[in-house]
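Coordinates in review
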Amino acid sequence: MFKPESDPRSEIEQLNIKNNSNDYSRMWYGLNTAGGRCYRVTAVCVLLLCVLLLIAVTVLWVKFINLSIEKDQLKTSYNNLILNRDQLQTSYNSLTLERDQLQTRYNNLTLNRDQLQTRYNNLTLNRDQLQTRYNNLTLDRDQLQTRYNNLSAERDQCQYSSMKDKELVKEGWRVFGTSAYHISTEKKSWAESRQYCREKGADLVIIKSRENQEFIIQQIGKDYQLWIGLSDIETEGKWKWVDGTELTSGTGFWYNGEPSNSGNNEHCAEMWKFPDKMAWNDRPCSEQSKWICEKNLL
């Protein structure tokens, strides 16, 4: 009978199965020995390590996921910060430009202010100079006005005096300078003579210059004694004119040795015609004599 040829692969598989069976037998045998127990412990440890490794990998994976999320958030924040920085930079540039423009305007305004201040100072100086000139012109005007008023007053007085002079001349008065003089034709005491002059708006003559003295001498003519407005009635030796002014000692036109106060009662002065010249003499005020009146024409 035909016997089929055996398959080499089948033989090999059978041999492997047999070997595996032997391995399992030896393994089972080994497990039941001390070496088998060590193997079991090792296997358990490896299993635990695998579990721990799996847990560690899981934890690391979770952390990785969280870090990735945080990274994305940080990236987003970073981008936002970059955007804000760019916006701030733009704002800063705009503000810097505005600042520069304002600085330029400020500099221009400062320059204009300085120019205006200079113009103001110049105008103030010109104003002060003009004010000074105005004050000087005002002073000159006032002085000219005063002179004009004085001249007008003098003119009016001259016109009035001229009219008065004509009237006074008609009445027998004689004009010299700004005064008119009247020589009496009758005789009275010194006090009565003065009263007569005052009733005429005048007073006894006051002689304070050589010109007045010479004029009166010329007008006296042949008369040799006339009362003048000088006396020391108030205080002996202190001669005063009728206007209250005092005759300075050592002045006047006294004759030599006069005033002598002969008899201790000569207190009034007169023009006396001495043998060599006409001069002043003191005489008792109660005696009778002609007199000279003086009227101020101003």
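Every value quoted in this text rests on a predicted model; they were computed, and no experiment measured them. (Residues numbered from 1 in each chain as written. Predicted model: local features only at pLDDT ≥ 70, side-chain atom pairs only at ≥ 80, totals over all residues. Heavy atoms only, no water.)

**Considering the overall build of the protein**
Looking only at helices and strands, the protein features 4 helices and 8 strands. For the protein, the N- to C-terminal ordering of α and β elements is α-α-β-β-α-β-α-β-β-β-β-β. Here the protein holds 298 residues, and 23% of them are scored as buried. Counted over contacts in the protein with a minimum sequence separation of 6, partners at least 24 positions apart contribute 68%. In the structure as shown, the protein presents an accessible area of about 22,500 Å², 57% of it carried by carbon and sulfur atoms. (Helix = DSSP H or I, 4+ residues; strand = E, 2+ residues; numbered from the N terminus. Buried < 20%, exposed > 50% of the residue type's maximum accessible area, 1.4 Å probe, protein only. Contact = heavy atoms within 4.5 Å. Areas by Shrake-Rupley, 256 points an atom, 1.4 Å probe, with all protein chains shown as cover.)

**Thoughts on the state of the cysteines**
With the rule as written, the count across this model stands at 2 disulfides. A sulfur-sulfur separation of 1.8 Å characterises the disulfide bridge that pairs cysteine 197 with cysteine 293. Taking the torsion about the S-S bond as the criterion, the cysteine 197 to cysteine 293 disulfide, at about -85 degrees, is left-handed. Taken together, the positions of cysteine 197 in helix H3 (residues 190-199) and cysteine 293 in strand S8 (residues 290-296) put the pair 96 residues apart, joining distant regions of the chain. What connects to what in the protein, once the bonded cysteines are numbered by sequence position, is 1-4, 2-3. (Disulfide = S-S within 2.5 Å.)

**Quick notes on the UniProt feature "transmembrane region" (unreviewed entry) in the protein**
Listed under "transmembrane region" (unreviewed entry) in the UniProt record, and renumbered for this structure, are residues 41-62. Along residues 41-62, the helical share is 100% and the strand share 0%, with 31 Å between the first and last C-alpha atoms. (UniProt positions renumbered as here; feature names shortened; annotations may be inferred.)

**Quick look at the packing of aromatic side chains**
Considering all chains together, one arrives at 10 aromatic pairs under this definition. Relative to tryptophan 291, the ring of tyrosine 196 lies with its centre 5.2 Å away and its plane at 65 degrees, an arrangement referred to as edge-to-face. Of this pair, tyrosine 196 sits in helix H3 while tryptophan 291 sits in strand S8, placing them 95 residues apart in sequence. With 5.0 Å between their ring centres and 65 degrees between their planes, tryptophan 239 and tryptophan 254 make a pair best called edge-to-face. Here the residue tryptophan 239 occupies a position in the loop between strand S4 (225-231) and strand S5 (240-241), and tryptophan 254 occupies one in the loop between S5 and strand S6 (268-273), the gap between them amounting to 15 residues. Note on accessibility: tryptophan 239 and tryptophan 254 belong to one class, buried. Ring pairing ties together the aromatic residues Trp239, Trp241, Phe253, Trp254 and Trp280, which thus form one cluster. Over the aromatic face of tryptophan 173 sits the side chain of lysine 295, whose NZ or CZ is 5.0 Å from the ring centroid. (Phe/Tyr/Trp six-rings, centres within 6.5 Å; stacked < 30°, edge-to-face > 60°. Lys NZ or Arg CZ within 6 Å of the ring centre and 35° of its normal.)

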